[in-house]
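Remarks on the overall topology
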Amino acid sequence: TKTLTASTYMGLDYCKLCHSGGLGAQDKYTSWQNTAHAHIFTDGINGVLGTYRSSCLPCHTAGYNANTNAILNPVNGGFDDVAKKLGWVFPTVQAPTNWAYMQTVYPKLASLANIQCENCHGPGSQHAYSLGNTNFISKTLGSGDCNQCHDAPTHHIKGTEWYSSQHAVMGSHTS
């Protein structure tokens, strides 16, 4: 059986409340900060990555779903919904001050930027409102979660590399 939980995106600031080394839950925030996921959007709009476009947003932000024909409610509190509500537009020039400006003027939107907890675990409102009930978030380690973004040829080939590796074809094993 599968359990479906209807939730909305909260953003990193909510996840940090419990997952940054306090008493609430295991610290996941500190180690995440040192990953490429933690600053891919930031680097992109600041011009560090070279070419960066609005087409990168579905993978580099939380909850981005601009599909107006979605069967489920397309307004999920994700990056695209908050951007639209606030009137934020993708910067035409990637400059070193873009991220700082976004954090100052659009803090709620900045909380949904970069690849973070909810990109992999799904929208976290029910998890947060239940004070951390893990039944309300995804906990899978399946390759499909990563491959949502990492299997987009020609420049994101990690999914294809994994499927071609011995890790994928061996199945499970014990040591």
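Scroll up for the structure.
Residues numbered from 1 in each chain as written. Predicted model: local features only at pLDDT ≥ 70, side-chain atom pairs only at ≥ 80, totals over all residues. Heavy atoms only, no water.

A closer look at the overall build of the protein chain
Which entries qualify depends on this criterion: Per the convention used, a helix needs a DSSP run of H or I reaching at least four residues, while a strand needs a run of E reaching at least two, with both numbered from the N terminus. For every residue, the accessible area (1.4 Å probe, protein chains only) is compared with the maximum for its type, and the residue is labelled buried under 20%, exposed over 50%, or partly exposed between those bounds. Any two residues whose heavy atoms approach within 4.5 Å at even a single point are treated as in contact. Where accessible areas are quoted, they stem from the Shrake-Rupley method and a 1.4 Å probe; at the residue level, only the protein chains shown are allowed to cover.
The number of helices and strands found in the protein chain is 12 helices and 0 strands. Listed N to C, the secondary structure of the protein chain is α-α-α-α-α-α-α-α-α-α-α-α in terms of helices and strands. Taking all 175 residues of the protein chain together, the buried fraction comes to 31%. In the protein chain, 55% of the contacts between residues at least 6 apart in sequence involve partners at least 24 apart. For the protein chain, the accessible area works out to roughly 11400 Å², and carbon and sulfur atoms hold 58% of it.

Considering unusual backbone geometry
For Asn-114, which is not glycine, the phi dihedral falls at a positive 70°. Of the residues examined, Asn-114 reaches a relative accessible area of 3% and is grouped as buried.

A closer look at the side chain of Asn-98
The residue Asn-98 is located in helix 6 (residues 98-105) in this model. With residues near it in sequence (within four places) discarded, Asn-98 still touches Ile-45, Asn-46, Pro-91 and Val-93.

Details of helix 5 (residues 79-86)
Among the residues of helix 5, Phe-79, Asp-80, Asp-81, Val-82 and Ala-83 are the ones counted as buried. Immediately downstream of helix 5, the backbone of Gly-87 shows phi near 80°, a positive value.

Observations regarding the packing of aromatic side chains
Counted only if it meets this: Only rings of Phe, Tyr and Trp enter the pairing, Trp through its six-membered ring, and a pair is recorded when the two centres are within 6.5 Å. The plane angle decides the type: under 30 degrees is stacked, over 60 is edge-to-face, the rest tilted.
As enumerated under the stated definition, the model contains 9 aromatic pairs in all. Considering the side-chain rings of Phe-79 and Trp-88, the 5.5 Å spacing of their centres and the 85° angle between planes classify their relative orientation as edge-to-face. Here Phe-79 matches Trp-88 in class, with each residue buried. Summarising the aromatic geometry, the rings of Tyr-101 and Tyr-106 are spaced 6.3 Å apart at their centres and angled 70° between planes, so their arrangement reads as edge-to-face. Residue Tyr-106 is classed as buried on the basis of its relative accessible area of 15%. Aromatic ring contacts, followed pair by pair, group Phe-41, Tyr-52, Phe-79, Trp-88, Phe-90 and Trp-99 into a single cluster.

Examining the state of the cysteines
What counts, and what does not: Disulfide: a pair of cysteine sulfur atoms within 2.5 Å of each other.
Per the stated rule, a full pass over the model turns up 0 disulfides. Left without a disulfide partner, Cys-15 is nearest to the cysteine sulfur of Cys-117, which lies 3.8 Å away. Residue classification places Cys-15 among the buried positions, given a relative accessible area of 16%. Lacking any disulfide linkage, Cys-56 is separated from the closest cysteine sulfur, that of Cys-59, by 8.5 Å. According to the relative accessible area criterion, Cys-56 is partly exposed, its value standing at 22%.

A closer look at the environment of Ala-38
Considering the arrangement of structural elements, one finds Ala-38 in the loop between helix 2 (29-32) and helix 3 (40-45). On a C-alpha basis, the gap between Ala-38 and Asn-114 in space is 5.6 Å, while along the polypeptide they are 76 residues apart.

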